[in-house]
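# Inside the fold
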Amino acid sequence: MAHSMYALKPVFDLDAKVDVPSCMYSLPVIQSSTPIDGIGMTKATCPISVEALEARQDAILARLGQLKTQVAAYKQSLGLPDTPASTVNVAKTADIVIRCSPSFPAFSLKGIYSLLTGSGLTVHTSCHTHCTVSSLPPNVQSFLPVTEVPRSSAQVRMTLIWTEVGKDCELMVSPLTQSVIKGETNILRYFSRLFPTIFPYETLPNLNAVDSMLDNVSTLLWAAPRERQPIMRSLAVNLAKTAYLAGAGISVADLALYSAIRQLGLDKDLQPELMRWYLTMAKQLEGKSSRNRNRNSSMRKSMSSSSPKKADSNNKKSSEREKSPRKEPASAKKGKSPMKEVKIEKNPPKKSE
């Protein structure tokens, strides 16, 4: 079969000599079966040596070091700090849309706004009410502060929609796919991944303990009233040693528990450690103590309920004062007392008998 096939001429001459321009660097010929004289045998020369490049780099680094020293001396002469204040560099995030029920407001959003603005980020907030909600309670009518930052230039844009979604609020991640994150604790986890330096969570050394706290807070929202106190005691174990639940700083666990206490109205029956922690959180996140506000309102209610009793007691005291004889001044006591006069009047009849 091999002798019956026709023969073909070679398409390429592997031993052909190609004239290479002298302006190009030479490479060894890989298409030739035998070496060609003058091609691929000469060593390529670099116009600039490596030693010269290293010398230039060292000179540039030395010059930069001198400039850094001069700038530091100039800042010290002006009284400026040596290191700039730590700022969070965050690009513009996508619109964060949160749907929340008016009867179970997510109070952690106030803490999120306070911590974001405190870190130097520009935040734009807007609140809307769904058509299914007829009216809003007074405590949520001005829930998030009105910001003067335009929406187009804000780094973080938060939109809150009041609608009936139950106890678990929802965060819309993608309007196109309609994917949501349910539950306030899961929303806090989402914010901790967006801003890890502001809301520490995954970088905490006691991450497992923080996850357990977040799960207990979620259970607290759905627990029966008689089951809430044991959960609260388990959450307050670390407050005897640290200022906050997860350590020396505010974490997502503190925001979640603070919101749960506000929603369920448990601020009246807190342990001493929890009460101290709660007042600190309320002052830091909202600038005021909600405990004092509730105490004042309860005092007003008790005063209003006990006012009729006080009025009756006052009326009784006034009537007794009117019935009791008034004391005469010392200047009017010149003769005998009235009691002695009565005895003198009774004595004559006895003598007559």
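Now for a look at the structure at hand. (Residues numbered from 1 in each chain as written. Predicted model: local features only at pLDDT ≥ 70, side-chain atom pairs only at ≥ 80, totals over all residues. Heavy atoms only, no water.)

### Quick look at the nonpolar core
Formed by 63 residues in total, the largest nonpolar core has its most connected members in Leu116, Phe199, Leu257 and Trp277. The set of elements that each furnish at least two residues to this core consists of β1 (96–100), α2 (108–118), β3 (156–162), α3 (184–194), α4 (207–222), α5 (228–235), α6 (252–264) and α7 (272–286). Among the elements that make up this core, the one with the highest residue count is α6 (9 residues). Among residues more than four places away in sequence, those in contact with tryptophan 277 are Leu239, Ala243, Tyr244, Leu245, Asp254, Leu257, Tyr258 and Ile261. (Core = buried A, V, L, I, M, F, W, Y, C linked by side-chain atoms within 4.5 Å. Buried < 20%, exposed > 50% of the residue type's maximum accessible area, 1.4 Å probe, protein only. Helix = DSSP H or I, 4+ residues; strand = E, 2+ residues; numbered from the N terminus. Contact = heavy atoms within 4.5 Å.)

### Section: the pattern of salt bridges
By the definition in use, this model includes 7 salt bridges. Ionic pairing is found between glutamate 170 and arginine 99, a salt bridge with its closest N-O pair at 2.6 Å. Here glutamate 170, found in strand β4 (residues 170–174), pairs with arginine 99, found in strand β1; they are 71 residues apart in sequence, far enough to count as distant. The shortest N-O distance in the salt bridge between arginine 193 and glutamate 202 comes to 2.9 Å. Relative accessible area serves as the criterion here: at 46%, glutamate 202 is assigned to the partly exposed category. Residues participating in the shared-partner salt-bridge network are Asp95, Arg151 and Arg157. (Salt bridge = Lys/Arg side-chain N within 4 Å of Asp/Glu carboxyl O.)

### Looking at the state of the cysteines
Under the counting rule described, the total for this entry stands at 0 disulfides. Here cysteine 169 stays unpaired: no disulfide links it, and the sulfur of cysteine 100, its closest cysteine neighbor, is 5.1 Å away. (Disulfide = S-S within 2.5 Å.)

### Regarding the packing of α4 against α6
Axis separation between α4 and α6 bottoms out at 9 Å; the angle between their running directions is 15°. Accordingly, the angle class assigned to the pair α4 and α6 is roughly parallel. Considering how the two elements wind past one another, α4 and α6 form a crossing that is left-handed. Of the residues in α6, those in contact with Val210, Met213, Leu214, Val217, Leu220 and Leu221 of α4 are Val252, Ala253, Ala256, Leu257, Ala260, Gln263 and Leu264. Each residue belonging to the contact of α4 with α6 can be placed in one class, and the counts come to 12 nonpolar, 1 polar and no charged. (Axes fitted to C-alpha atoms, helices over the stretch in contact; angles between N-to-C directions. Parallel < 35°, antiparallel > 145°, perpendicular 65-115°, else oblique. Left-handed = near helix turned anticlockwise from the far one by under 90°. Nonpolar A, V, L, I, M, F, W, Y, C, P; charged D, E, K, R; others polar.)

### So, the packing of aromatic side chains
A full pass over the atoms with the stated rule returns 7 aromatic pairs. Chaining the aromatic ring pairs together yields one cluster made of Tyr190, Phe191, Phe195 and Phe199. A cation over a ring is seen here: arginine 262 above phenylalanine 107, with NZ or CZ 4.2 Å from the ring centre. (Phe/Tyr/Trp six-rings, centres within 6.5 Å; stacked < 30°, edge-to-face > 60°. Lys NZ or Arg CZ within 6 Å of the ring centre and 35° of its normal.)

### Structural notes on the environment of aspartate 269
Summarising the element assignment, aspartate 269 is placed in the loop between α6 and α7. Its relative accessible area of 57% is what places aspartate 269 among the exposed residues.

### Considerations on a nonpolar patch on the surface
On the surface, a nonpolar cluster with roughly 370 Å² of combined accessible area is contributed by Ile60, Leu61, Leu64 and Leu67. Within the element layout of this structure, leucine 61 appears in helix α1 (residues 50–78). (Patch = residues over 30% accessible without salt bridge, like charges linked within 9 Å, V, L, I, M, F, W, Y side chains within 5 Å. Areas by Shrake-Rupley, 256 points an atom, 1.4 Å probe, with all protein chains shown as cover.)

### Structural notes on the side chain of serine 108
Assignment of secondary structure puts serine 108 in helix α2. Side chain to side chain, serine 108 and glutamate 184 meet in a polar contact 2.5 Å long. Beyond its immediate chain neighbours, meaning those up to four positions away, serine 108 contacts Glu184, Leu188, Leu255 and Ser259. (Polar contact = N/O pair within 3.5 Å; in protein donor to acceptor, adjacent residues only side chain to side chain.)

### Concerning the packing of α4 against α5
Two elements in contact, α4 and α5, have axes separated by 10 Å at closest approach and are oriented at 160°. Accordingly, the angle class assigned to the pair α4 and α5 is roughly antiparallel. Between α4 and α5 lies a crossing whose hand is left-handed. Contacts between α4 and α5 involve Met213, Asn216, Val217, Thr219 and Leu220 from the former and Arg228, Ile231, Met232, Ser234 and Leu235 from the latter. Taken together, the residues that form the contact of α4 with α5 break down as 6 nonpolar, 3 polar and 1 charged.

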